[in-house]
Amino acid sequence: MKISSKIFLLPCLMFAVVSGSMSAQRPPWLKQQSSTVANTATDTVSLDLPLPAIPSALRTPHERAAYLLTHFWDSMDFADTLRSRHPAFMEQNLVNFLSLFPHAQAEARTGAVKVLMQRAESDKTLYLLLAELAEKYLYTNSSPMQNEEHFIPFLEEIVGTSLLNETEKSRFRFLLSAALKNRPGTMATDFTYLTPNGELQTLYTVPVTCRLLLLFYDPDCLHCRETINALRTASRLQQQIDSGQLTVLAICVGEDRDLWKSSLKDLPTQWFTGFDMGCIRQEERYLLPDMPMMYLLDGEKRVVKKEVSLHQLLLELQE
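Bear in mind that the values here come from a model prediction, so they are computed numbers and not experimental data. (Residues numbered from 1 in each chain as written. Predicted model: local features only at pLDDT ≥ 70, side-chain atom pairs only at ≥ 80, totals over all residues. Heavy atoms only, no water.)

A. Local environment of a negative patch on the surface. Together, Asp220, Glu255, Asp256 and Asp258 make up a negatively charged patch on the protein surface. Here Asp256 lies in the loop between β4 (246–252) and α12 (257–263). Its relative accessible area of 41% is what places Asp256 among the partly exposed residues. (Patch = residues over 30% accessible without salt bridge, like charges linked within 9 Å, V, L, I, M, F, W, Y side chains within 5 Å. Areas by Shrake-Rupley, 256 points an atom, 1.4 Å probe, with all protein chains shown as cover. Salt bridge = Lys/Arg side-chain N within 4 Å of Asp/Glu carboxyl O. Lys, Arg positive; Asp, Glu negative; His and termini not counted. Charge placed at Lys NZ, Arg CZ, Asp CG, Glu CD. Helix = DSSP H or I, 4+ residues; strand = E, 2+ residues; numbered from the N terminus. Buried < 20%, exposed > 50% of the residue type's maximum accessible area, 1.4 Å probe, protein only.)

What follows is the structure, encoded as structure tokens:
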């Protein structure tokens, strides 16, 4: 799913507004760019809703972002289908809305999404468009805004609405179930695995001093092999393993036990390794939409990062 660069005109402005470094008025260059995009999309619909004026008493970024989120859609007439059913208009404004999420606290985000989706219930076409756009920007891996925690409030509203039938909700119900599993800040779900010497162990028996990298892989997967090789050669990762700051547990979730055994020689000897005994995939304790899949846990096996990419992991290890 391609995400146009045209819709990312406002995030920097949003940061400036919530940080209090400028007023809620758009600078001339931004007005000109927005107008150009609007003219390209349509001659009758202006793409950006006006930002509400923030009371001067609100000074912290969290307070300012919460106010903007709460009042972002005040000027929107949801009965105006020329605007509400216009994909480019709703996409631009939803992205502007979502660009405030990193600056706001969870309670403010959840409340603002509830207001938006409940107002959108006046038109099913609009509601489904917002659901589709929220998934596009907050769930799609290629989106720079991808954030499962930010997506959860949308999912909770969608599965709870009476506007949609159970068939229409089924995909969103599945996505919500997946998002709520092993959320950051929660204890990672335990599982049993087979060690190379034939013993049964669990995630919670792995000794960890500081952090644990949990890697699910299949030795028959090319991308898995490439990622493992990148991890082997990452000097920062190796330094943290040597110093005891990081422990690695690599779990094979493939079905071929013989292939797993023959491929163990390709894994660093310092890593803990194992073969899934059915808990992970069959019981869906962890959902693995892509391979490999990595989780970063703390010393108590609490999830720090869920479904972390190689790039994100290496950045995290730099901190």
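B. Examining the pairing of strand β6 (residues 293–298) more closely. Counting buried positions over the six residues of β6 gives six, a clear majority of the element. Of the two faces of β6, the one carrying Met293, Tyr295 and Leu297 and the one carrying Met294, Leu296 and Asp298 are both buried. The pairing of strand β3 (residues 211–217) with β6 spans six bridges and is classified as antiparallel. When the bridges of β6 are listed, Leu212 appears paired with Leu297. Hairpin geometry of β6 and strand β7 (residues 303–305) is characterised by an intervening segment of four residues between the two adjacent antiparallel strands and by a positive phi of about 70° at Lys301. (Pairing = 2+ DSSP bridges.)

C. Quick peek at the nonpolar core. Counting residues in hydrophobic clusters, the biggest one holds 47 residues, and the most contacted among them are Trp73, Met90, Leu94, Phe97, Leu98, Leu116 and Phe154. Elements represented by at least two residues in this core include exactly α3 (61–71), α5 (87–98), α6 (106–120), α7 (124–138), α8 (148–160) and α9 (166–180). Considering each element in turn, this core owes the most residues, nine residues, to α7. Excluding residues that lie within four positions of it along the chain, Met90 makes contacts with Trp73, Met76, Arg83, Ser84, Leu126, Leu129, Leu130 and Leu133. Membership of the second largest hydrophobic core comes to 46 residues, among which are Leu213, Phe216, Phe275 and Leu297. (Core = buried A, V, L, I, M, F, W, Y, C linked by side-chain atoms within 4.5 Å. Contact = heavy atoms within 4.5 Å.)

D. Molecular detail of the pairing of β3. Within β3, seven of the seven residues are buried, which leaves it mostly tucked inside the rest of the structure. Side-chain alternation along β3 places Arg211, Leu213, Leu215 and Tyr217 on one buried face and Leu212, Leu214 and Phe216 on a second face that is also buried.

E. View of the side chain of Glu135. Mapped onto the fold, Glu135 is located in helix α7. Ignoring any residue separated from it by four or fewer positions in sequence, one finds Glu135 in contact with Thr140, Phe151, Arg171, Phe172 and Leu175.

F. Representation of the side chain of Glu157 within the structure. Secondary-structure assignment places Glu157 in helix α8. Its relative accessible area of 13% is what places Glu157 among the buried residues. Among the polar contacts made by the side chain of Glu157, one reaches the side chain of Lys114 at a distance of 3.0 Å. Setting aside residues up to four positions removed in sequence, Glu157 forms contacts with Val113, Lys114, Met117, Gln118 and Tyr127. (Polar contact = N/O pair within 3.5 Å; in protein donor to acceptor, adjacent residues only side chain to side chain.)

G. Local environment of the sheet that holds β7. In space, the seven strands of this open sheet follow the order β2-β1-β5-β4-β3-β6-β7, with mixed pairing throughout. Every interior strand has two partners, whereas the edge strands, β2 (200–202) and β7, have only one. Across the sheet, the axes of successive neighbouring strands diverge by a mean angle of 40°, strand direction being ignored. In terms of strand pairing, strand β1 (residues 192–194) meets β2 through three bridges, oriented antiparallel. Residue Leu194 lies in a different strand from β2, and its bridge partner there is Leu200. Packing of helix α11 (residues 235–242) onto the sheet brings it into contact with β3 and β4, and relative to β4 it is tilted by some 110°. Here helix α13 (residues 310–318) sits on the sheet and contacts β3, β4, β6 and β7; the angle it forms with β6, its principal contact strand, is near 25°. (Axes fitted to C-alpha atoms, helices over the stretch in contact; angles between N-to-C directions.)

H. Molecular detail of the environment of Phe275. Structurally, Phe275 can be placed in strand β5 (residues 272–276). When the C-alpha atoms of Phe275 and Leu200 are compared, they prove to be 9.5 Å apart, with 75 residues separating the residues in sequence. For Phe275, the residues in contact, after removing those within four places along its chain, are Tyr193, Leu194, Cys252, Gly254, Glu255, Asp256, Arg257 and Trp260.

I. Geometry of the layout of surface pockets. Empty space within the largest pocket amounts to approximately 940 Å³. Residue lining of the largest pocket: 29 residues in total, with Gln146, Lys306, Glu307, Val308 and Gln312 positioned closest to the centre. Listed by contribution, the elements that provide at least two residues to the lining of the largest pocket are α8, α10 (222–232), β6, β7 and α13. Residues of the lining of the largest pocket, tallied by class, amount to 12 nonpolar, nine polar and eight charged. (1 Å grid on protein atoms, 1.4 Å probe; cavity = no way out; pocket = protein on both sides within 12 Å on 5 of 7 lines; lining within 4 Å. Points joined across faces, edges and corners; volume = space filled by probe spheres on them. Nonpolar A, V, L, I, M, F, W, Y, C, P; charged D, E, K, R; others polar.)

J. Here's a closer look at the pattern of salt bridges. According to the stated counting rule, one finds 14 salt bridges in the structure shown. The shortest N-O distance in the salt bridge between Lys136 and Glu91 comes to 2.7 Å. A residue pair is termed long-range when its members are at least 10 positions apart, and Lys136 in helix α7 and Glu91 in helix α5 qualify at 45 residues. One salt bridge in this structure joins Lys114 and Glu157, with 3.0 Å as the shortest N-O distance. Of this pair, Lys114 sits in helix α6 while Glu157 is found in helix α8, placing the two residues 43 residues apart along the sequence.

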